[in-house]
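One letter stands for each residue in the lines below.
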Amino acid sequence: MTRHQRHAGLITAAEYADHYRQFTTWRNRASRFNTVLHQYLDLAADRVRPVHHDSVAESLPSALLALAIAVDDHRQAHAGEESLVDTALWARLRLLPWPTADDAGHRLVDAVAAERGRRTTARHLKNSSIQYQGSHVTGENVDVADLLLEITDNAQRTCDRSQLVELWNQRTPDLLESDAAKAATSKQKGSYATYRLRRSLTFLESQGMIDRNSEGGNTEVTVINRSALLSLRRQWDTAQFPLGDTEL
């Protein structure tokens, strides 16, 4: 553009020379900036690469735990019929170190036991209570929180109370057969298992985690703070299965 202006006589030779010096200065600065920019991009790439590698490494404990549980399931299913290979494999797996934040010297067999504990009913665990944000939380509260997390999600936060009661009764057959349940039935006080469920729902509602709404004779339960339910479960696991902060 400047060259055309010079040839057309629109600018003087001195003005053309000044424009050319400015262009040359800008081009040199842009070239240096481009060089420095790519140096920093290379440094960033070097830092990102270990992060991706770490994500792969972090998946290995979960895969190892899944393998150990599968081997243990097989061992228990074929108790008394194990081959020497089965016995040797489990003996080797169970003694592998299980890394934790506090480096407490746990073994893979400890992680298997903890994971099996997580899969059992929380209310059946010994000393099944914790303190959560200043409130006393029972294992039964945690079981109801788990049930709500299972049948709702971020897209569908509401469930019908009758569905909740049905699933709760399926998972608590011991409550239906307990002496307290029989006494409640004889006194026509309603379902004892449903009473226990209602008590936990009342607690979770008092903590601002859920909300209950009745309309037209139908009651719905809505999860209004899913992250709090998840936090409650994580704190329960940390207290009951102290294997560090490893996500299982």
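My aim in this report is to walk through the structure given alongside it, one point at a time. Please read all numbers here as calculations on a predicted model, not as lab measurements. (Residues numbered from 1 in each chain as written. Predicted model: local features only at pLDDT ≥ 70, side-chain atom pairs only at ≥ 80, totals over all residues. Heavy atoms only, no water.)

What follows deals with the nonpolar core. Among the nonpolar cores identified, the biggest contains 47 residues, and L148 and L204 are the most heavily contacted of them. In terms of residue count, helix α5 (residues 139–151) provides more of this core than any other element does, seven residues in total. Excluding anything up to four places from it in sequence, L148 contacts C159, L164, L201, L204, I210, V221, V223, R226 and L229. (Core = buried A, V, L, I, M, F, W, Y, C linked by side-chain atoms within 4.5 Å. Buried < 20%, exposed > 50% of the residue type's maximum accessible area, 1.4 Å probe, protein only. Helix = DSSP H or I, 4+ residues; strand = E, 2+ residues; numbered from the N terminus. Contact = heavy atoms within 4.5 Å.)

Angle between the axes and distance between the axes are the two parameters that describe a pair of packed helices. Their axes nearest at 9 Å, the elements α5 and helix α9 (residues 192–206) cross at an angle of 80°. Between α5 and α9, the interaxial angle falls into the category roughly perpendicular. Across from E140, N141, V144, A145 and L148 in α5, the residues of α9 making contact are R196, L197, R199, S200, L201, F203 and L204. Here the residues of the contact of α5 with α9 sort into seven nonpolar, two polar and three charged. (Axes fitted to C-alpha atoms, helices over the stretch in contact; angles between N-to-C directions. Parallel < 35°, antiparallel > 145°, perpendicular 65-115°, else oblique. Nonpolar A, V, L, I, M, F, W, Y, C, P; charged D, E, K, R; others polar.)

Let us look at unusual backbone geometry. It is generally the case that most residues other than glycine have a negative phi and that most peptide bonds are trans. Non-glycine residue Q133 carries a positive phi angle of around 50°. Topologically, Q133 is positioned in the loop between β1 (129–132) and β2 (135–138). With relative accessibility at 63%, the residue Q133 sits in the exposed group.

This part covers the environment of R196. Considering the arrangement of structural elements, one finds R196 in helix α9. R196 sits in the buried class, given a relative accessible area of 14%. Residues R196 and V144, 52 residues apart in the sequence, show an inter-C-alpha distance of 9.8 Å.

Limitation: the analysis is restricted to geometry and does not speak to function.
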